[in-house]
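# Architecture and fold: a report
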Amino acid sequence: MILTRHNVLRFLLSNNCITLRELLDESWEVVDHSSKNNNFSFISSSRGFFIKQYIPEGERFSYFGLKREYQCYLLAEDLGALNEAMPKAVCYFDDDNILITEYVTTSMSIFSYFREVDGDMQEIASLLGEELSKCHFLLSQSIKFSDNDVQFSSQKPSIFSPKKMSEGRELSLAQKQCIGILEKHRNLMDGLISLDAEWKVNGLIHNDMKLENCLVRFNTSKHISGVTFLDWEGFNTGDIAWDLAGIIEGYLTLLSSAMQRQAKKTHLFDHSKELSEISGQVRASLRVFWASYIEGSKIDAAYVKVLLKRVAKYSAARLIQSTYNKLENRNELSLDALLQIQLAHNLLAEPELNRQKLFGF
Ligand SMILES: Nc1ncnc2c1ncn2[C@@H]1O[C@H](COP(=O)(O)OP(=O)(O)O)[C@@H](O)[C@H]1O
Ligand SMILES: [Mg+2]
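As the structure is a computational prediction, the values presented were derived from the model and not from experiment. (Residues numbered from 1 in each chain as written. Chains lettered and ligands numbered in written order. Predicted model: local features only at pLDDT ≥ 70, side-chain atom pairs only at ≥ 80, totals over all residues.)

## Thoughts on the overall build of the protein chain
For the protein chain, the count of helices and strands is 13 helices and 10 strands. Here the protein chain has a C-alpha radius of gyration of 21 Å; the compact-globule value for 361 residues is 21 Å, and the two agree. With respect to the three principal axes, the spread of C-alpha positions in the protein chain is 60 × 45 × 45 Å. Taking all 361 residues of the protein chain together, the buried fraction comes to 35%. Expressed as a percentage of contacts within the protein chain between residues at least 6 apart in sequence, the contacts between residues at least 24 apart total 72%. (Helix = DSSP H or I, 4+ residues; strand = E, 2+ residues; numbered from the N terminus. Rg over C-alpha atoms; globule rule 2.2 N^0.38 Å. Buried ≥ 20, exposed ≤ 12 C-beta atoms within 10 Å, placed from the backbone. Contact = placed C-beta atoms within 7 Å.)

Laid out in structure tokens, this is it:
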């Protein structure tokens, strides 16, 4: 069945996700959040569900993302210590590709929190580092010590083979321009391709780590109480550096947005403070994020430097990948996109120097 706003309630009731009594005791609201998946929230004032359905398009029948996400949440529940770091799974329906999780109440995506609320970047960075290290450490241990039946098969990110990204797909004009820039700047293209040989399979990772997939939670006094990572469809064996780069890319795009705002002002001086303030905050946040991740993950000191080098280069790849994805359905490259490509280019061309400039360490 295909879920719609109108049949979600019937679906939850008939599958015993909610009882009639619970339904009648509170007032509930269904909201349609469909994007790449068919998504709905079903919430009351105290609790709720998040429902995701994947509808196969054409020949893509080999999809298993939502099942993988479900398996990840079950594993996390078994491990106990990750209950806050991920939503709790309610159930999964294989035939209809439907995953139901508990709704994380009084929360918002960190992406929106930074853009709409001008929220505290550093406090969030510290929580992200701490929780991500816990996820990597505990999930990766589970591969050795628990009898789970998840089939893992690490795949390298598609951005490491930029030519393949355009194969068999209808690209927007802006995406074609983006590929054109990569082709014209050989060192940028070669830099991305060279990452393929650097990939290490060293743990269980999220794979699609980005600020849009992270929630910040608030307590009853509206203070930050923690962070939760969502959307574990890509849960797989891979390089932990790739997840770290996903968070770092989120912070770097805050910087490129500030650069864009400054560039658009006619009186540059008026807004120079904003850019320098944001770049200071981004650097401080990246330092805090890195320190709290390293502290939590118990990574050998000798390996930290090696990891950081890879993370910086992967951050460049992440910048290009997210820029490219955002250009879907666009006719023209935006200034923001160009600035992100420029940041990526700098990081790939001179990783040490530009990492120190951008990250501040
Ligand atoms: N369990 C949840 N609790 C609260 N909000 C959620 C939950 N799951 C998803 N969301 C919200 O819906 C958005 C999309 O969910 P996500 O799992 O990332 O789906 P998609 O695969 O479509 O990106 C998230 O960015 C978040 O804002
Ligand atoms: Mg998502």
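We are not done yet, so read on.
## Quick look at the domain arrangement of the protein chain
For the protein chain, the assigned domains read domain 1 (8-102) and domain 2 (107-359). For domain 1 versus domain 2, the separation of C-alpha centres amounts to 26 Å. In this assembly, 15 residues from domain 1 lie in contact with 16 residues from domain 2. (Domains from an automatic or database assignment.)

## Observations concerning the sheet that holds strand S6 (residues 107-109)
Picture the strands of a sheet paired through backbone hydrogen bonds; they go either parallel or antiparallel. Spatially, 3 strands are ordered S6-S8-S9 in an open sheet, and the strand pairing comes out antiparallel. With one partner strand each, in any of the chains shown, S6 and strand S9 (224-229) form the two edges of the open sheet. Each neighbouring strand pair of the sheet contributes to a mean axis angle of 25°, computed without reference to strand direction. Taken together, the 5 bridges between strand S8 (residues 214-218) and S9 define a ladder with antiparallel strand orientation. Bridge pairing in S9 places Cys 214 opposite Phe 229. (Pairing = 2+ DSSP bridges. Axes fitted to C-alpha atoms, helices over the stretch in contact; angles between N-to-C directions.)

## A short note on the sheet that holds strand S5 (residues 98-102)
Spatially, S1-S2-S3-S5-S4 is the arrangement adopted by the 5 strands of the open sheet, whose pairing is antiparallel. Here the strands that pair on one side only, and so sit at the sheet edges, are strand S1 (29-32) and strand S4 (89-93). Adjacent strand axes in the sheet meet at a mean angle of 15°, parallel and antiparallel pairs treated alike. Here strand S3 (residues 48-53) pairs with S5 via 5 bridges, running antiparallel. Bridge assignment links Lys 52 to a residue of S5, and that residue is Leu 99. In this fold helix H3 (residues 65-79) packs onto S3, S4 and S5, with an angle of close to 145° to the strand it touches most, S4.

## Overview of the pairing of strand S2 (residues 38-43)
Every other side chain in a regular strand lies on the same face of the sheet, so the side chains alternate between the two faces. Two strands pair when backbone bridges link them, and S1 and S2 are joined in this way by 4 bridges, in the antiparallel orientation. Opposite Val 30, over in S2, you have Phe 42 as the bridge partner. Connecting S1 to the next strand, S2, in antiparallel fashion are 5 residues. Across 6 bridges, S2 lies against S3 in antiparallel orientation. In the sheet register, Ile 43 faces S3, and the bridge partner there is Gly 48. Counting the residues in the hairpin turn of S2 and S3 gives 4 residues.

## Focus on the site of ligand 1
Around ligand 1 lies a shell of 17 residues, among which Asn 37, Phe 50, Pro 87, Val 104 and Asp 231 are the nearest. Those elements that provide at least two residues to the shell around ligand 1 are S3 and S6. In terms of residue class, the shell around ligand 1 is built from 5 nonpolar, 8 polar and 4 charged. Viewed by domain, the shell around ligand 1 spans two of them, domain 1 (8-102) and domain 2 (107-359), each represented by three or more residues. (Near = placed C-beta within 6 Å. Nonpolar A, V, L, I, M, F, W, Y, C, P; charged D, E, K, R; others polar.)

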